[in-house]
Amino acid sequence: MVLLGVDAHKSTHTAAAVAAESQQQLSSVTIRSSLSEYRRLLRWARQWPQRSWAVENANGLGRHLVQ
């Protein structure tokens, strides 16, 4: 299982993939806050079929991403 944590900001979002068992960071990516970049983030995340998401400020700056 991999946890994908997203730090949402006004113009960019940064995501990190962390192995749940070892808590080691596996990868990270920074995207612009746009629909095409959200799609790129989802493509990046597909490399871990067993994943959970944690999105900071899901009711604010991360709202468009979680929708």
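Residues numbered from 1 in each chain as written. Predicted model: local features only at pLDDT ≥ 70, side-chain atom pairs only at ≥ 80, totals over all residues. Heavy atoms only, no water.

(A) Spotlight on the environment of Gly-60. Within the secondary structure, Gly-60 is located in the loop between strand E4 (51-55) and helix H2 (63-66). Assessed through its relative accessible area of 27%, Gly-60 is described here as partly exposed. (Helix = DSSP H or I, 4+ residues; strand = E, 2+ residues; numbered from the N terminus. Buried < 20%, exposed > 50% of the residue type's maximum accessible area, 1.4 Å probe, protein only.)

(B) Highlighting helix H1 (residues 35-45). Buried residues of H1: Glu-37, Tyr-38, Leu-41, Trp-44 and Ala-45, and no others. Burial along H1 is one-sided: seen end-on, the buried residues are contained in an arc of 115 degrees. Away from its buried face, by an angle of more than 90 degrees, H1 presents the exposed residues Leu-35 and Arg-43. (Arc of directions from axis to C-beta.)

(C) Layout of the nonpolar core. Within the largest apolar cluster, 13 residues are counted, with the highest numbers of intra-cluster contacts made by Leu-4, Ala-15, Ala-17, Val-29, Leu-41, Trp-44 and Trp-48. Breaking this core down by element, the ones donating at least two residues are strand E1 (2-8), strand E2 (12-19), strand E3 (25-32) and H1. Considering each element in turn, this core owes the most residues, four residues, to H1. Trp-48 has contacts with Val-2, Leu-4, Ala-17, Leu-26 and Ser-27, leaving out every residue within four places of it along the chain. (Core = buried A, V, L, I, M, F, W, Y, C linked by side-chain atoms within 4.5 Å. Contact = heavy atoms within 4.5 Å.)

(D) Up close: the side chain of His-13. Position of His-13 relative to the elements: it lies in strand E2. A polar contact is formed between the side chain of His-13 and the backbone nitrogen of His-9, at a distance of 3.3 Å. When near neighbours in sequence (up to four residues on either side) are disregarded, His-13 contacts Val-6, Asp-7, Ala-8, Val-29, Thr-30, Ile-31, Ser-33, Tyr-38, Leu-61 and Leu-65. (Polar contact = N/O pair within 3.5 Å; in protein donor to acceptor, adjacent residues only side chain to side chain.)

(E) Broad picture of the pattern of salt bridges. Under the criterion given, the structure shown has two salt bridges. Between Glu-37 and Arg-40 there is a salt bridge whose closest N-O contact spans 2.9 Å. A residue pair is termed a helical-turn pair when its members lie 3 or 4 positions apart in one helix, as Glu-37 and Arg-40 do in helix H1 at three residues. Relative accessible area serves as the criterion here: at 32%, Arg-40 is assigned to the partly exposed category. One network of salt bridges, with partners in common, ties together Arg-32, Glu-37 and Arg-40. (Salt bridge = Lys/Arg side-chain N within 4 Å of Asp/Glu carboxyl O.)

(F) Representation of the sheet that holds E3 in the model. If you walk across this open sheet you meet the four strands as E3-E2-E1-E4, and the pairing is mixed. Single-partner strands in this sheet number two, and they are E3 and E4. Each strand of the sheet is rotated relative to its neighbour by a mean of 20 degrees, with strand direction disregarded. Looking at chain direction, E2 and E3 are connected through seven bridges and run antiparallel. Directly across from His-13, in E3, lies its bridge partner Ile-31. Across the sheet, H1 lies against E1, E2, E3 and E4, angled at about 165 degrees from E3, the strand it touches most. (Pairing = 2+ DSSP bridges. Axes fitted to C-alpha atoms, helices over the stretch in contact; angles between N-to-C directions.)

Nothing here speaks to function; it is all geometry.
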